[in-house]
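Fold and geometry: a report
So you can see what is in the structure, the chains are spelled out below.
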Amino acid sequence: MTVTTGGPLIVLDGVNKWFGPLHVLKDVNLSIERGEVVVVIGPSGSGKSTLCRAINRLEPINSGTIVFDGRPLPAEGRALAQLRSEVGMVFQSFNLFAHKTILENVTIGPVKVRKEKPAVVRERAMQLLDRVGIASQAEKYPAQLSGGQQQRAAIARALAMQPKAMLFDEPTSALDPEMVGEVLDVMTSLAREGMTMVVVTHEMGFARHAANRVIFMADGQLVEDAPPTEFFENPRSDRAKDFLSKILTH
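In what follows, the accompanying structure is described. (Residues numbered from 1 in each chain as written. Predicted model: local features only at pLDDT ≥ 70, side-chain atom pairs only at ≥ 80, totals over all residues. Heavy atoms only, no water.)

Further remarks concern the packing of aromatic side chains. Tallied over the full model, the rule gives 3 aromatic pairs. Arranged with centres 5.3 Å apart and planes meeting at 50°, the rings of Phe216 and Phe243 form a pair that is tilted. Separated by 27 residues along the polypeptide, Phe216 in strand S9 (residues 213-218) and Phe243 in helix H9 (residues 238-248) bring together distant segments of the chain. Each member of the pair Phe216 and Phe243 is classed as buried. Taken together, a centroid distance of 5.3 Å and an interplanar angle of 80° make the contact between Phe231 and Phe232 edge-to-face. (Phe/Tyr/Trp six-rings, centres within 6.5 Å; stacked < 30°, edge-to-face > 60°. Helix = DSSP H or I, 4+ residues; strand = E, 2+ residues; numbered from the N terminus. Buried < 20%, exposed > 50% of the residue type's maximum accessible area, 1.4 Å probe, protein only.)

Here you go:
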């Protein structure tokens, strides 16, 4: 058992990332406290998704360090798998196993990766499916569910691993507009319950109401980092003012 320290849960220090000649993360410094909900917004191509994916090393970095729960991110192997199991990830595409039922999708991680008892995991999975509002769909296959239901199943699947943090990479951008709310509602309730969350999203309402902090990224840099009220009402940078004027007037 590792003893949890009281420091921040996630710390990025001087993180750089290139894709070939493209410098997508430029000296990123970011510290996220336990129980904090950080929403990352900014124009397309600003490095938001890369930042999110770097936190659990789905995207390797070129320089700098990332520390999760007091430990530097391992580069590979069993230690990395262990770390990944502590960081839940929800993507734009739901990434559910098509040939497994919703219940099987939610139970497979804890049973296979954590070697937990199937009966214990099944009970937890049903509670989680109930919590995200799709317990009645447990025996169906992903293709039988709406996009919103599939994304809620993906959230339940991530939560089944009892992660210390949840990363959301544009979790609603592939959904039809009428389904966005049902997914954001689940995320908002998670936020209220104290889950540490990093959320890349275009949903400004969620950023306003559920975030403790809003990070505004442009050109691979963290341009602003402020509480939501401050950011939306009084952005300091021209880049943020320009971005907000374009999205909030429509």
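Having put the structure on the table, let's press on.
This part is about helix H5 (residues 147-160). Across its 14 residues, H5 extends 20 Å between first and last C-alpha, which sits within 8% of the 20 Å expected from 1.5 Å per residue. Most of H5 sits inside the fold, with 14 of its 14 residues counted as buried. Trailing H5 by a residue or two, Gln162 shows a phi angle of about 50°, which is positive. (Expected span 1.5 Å × (residues − 1).)

Let us now look at unusual backbone geometry. With the exception of glycine, the majority of residues adopt a negative phi angle, and the majority of peptide bonds are in the trans configuration. Positive phi is not limited to glycine here, since Asn95 has a value of about 55°. Of note, Asn95 is situated in the loop between strand S6 (87-90) and helix H3 (102-112). In this structure, Asp219 is a non-glycine residue whose phi angle is positive, near 50°. Checked against the element boundaries, Asp219 lands in the loop between S9 and strand S10 (221-226). For Asp219, a relative accessible area of 43% gives the class partly exposed.

Let us look at the pairing of strand S7 (residues 165-169). Burial analysis of S7 places 5 of its 5 residues in the buried class, which makes it a mostly covered element. Here S7 shows no split at all, with Ala165, Leu167 and Asp169 on one side and Met166 and Phe168 on the other all buried. Where S7 meets strand S8 (residues 196-200), 5 bridges bridge the pair, whose relative direction is parallel. Bridging from a neighbouring strand, Leu167 pairs with Val198 of S8. Taking the sense of rotation as the criterion, the β-α-β connection linking S7, helix H6 (residues 177-192) and S8 turns out right-handed. (Pairing = 2+ DSSP bridges. Right-handed = clockwise from strand over helix to strand, strands pointing away.)

So, about the pattern of salt bridges. On inspection of all chains with the given rule, the structure shows 15 salt bridges. With a shortest N-O distance of 2.9 Å, Glu36 and Arg213 are connected by a salt bridge. Linking Glu36 in the loop between strand S2 (22-32) and strand S3 (37-41) with Arg213 in strand S9, this pair joins segments that are 177 residues apart in sequence. Residue classification places Glu36 among the buried residues on the basis of a relative accessible area of 12%. A single network of salt bridges, built from pairs that share partners, joins Arg34, Asp69, Arg71, Glu86 and Lys164. (Salt bridge = Lys/Arg side-chain N within 4 Å of Asp/Glu carboxyl O.)

Note that every value here comes from positions in space, so none of it alone points to a role or purpose.
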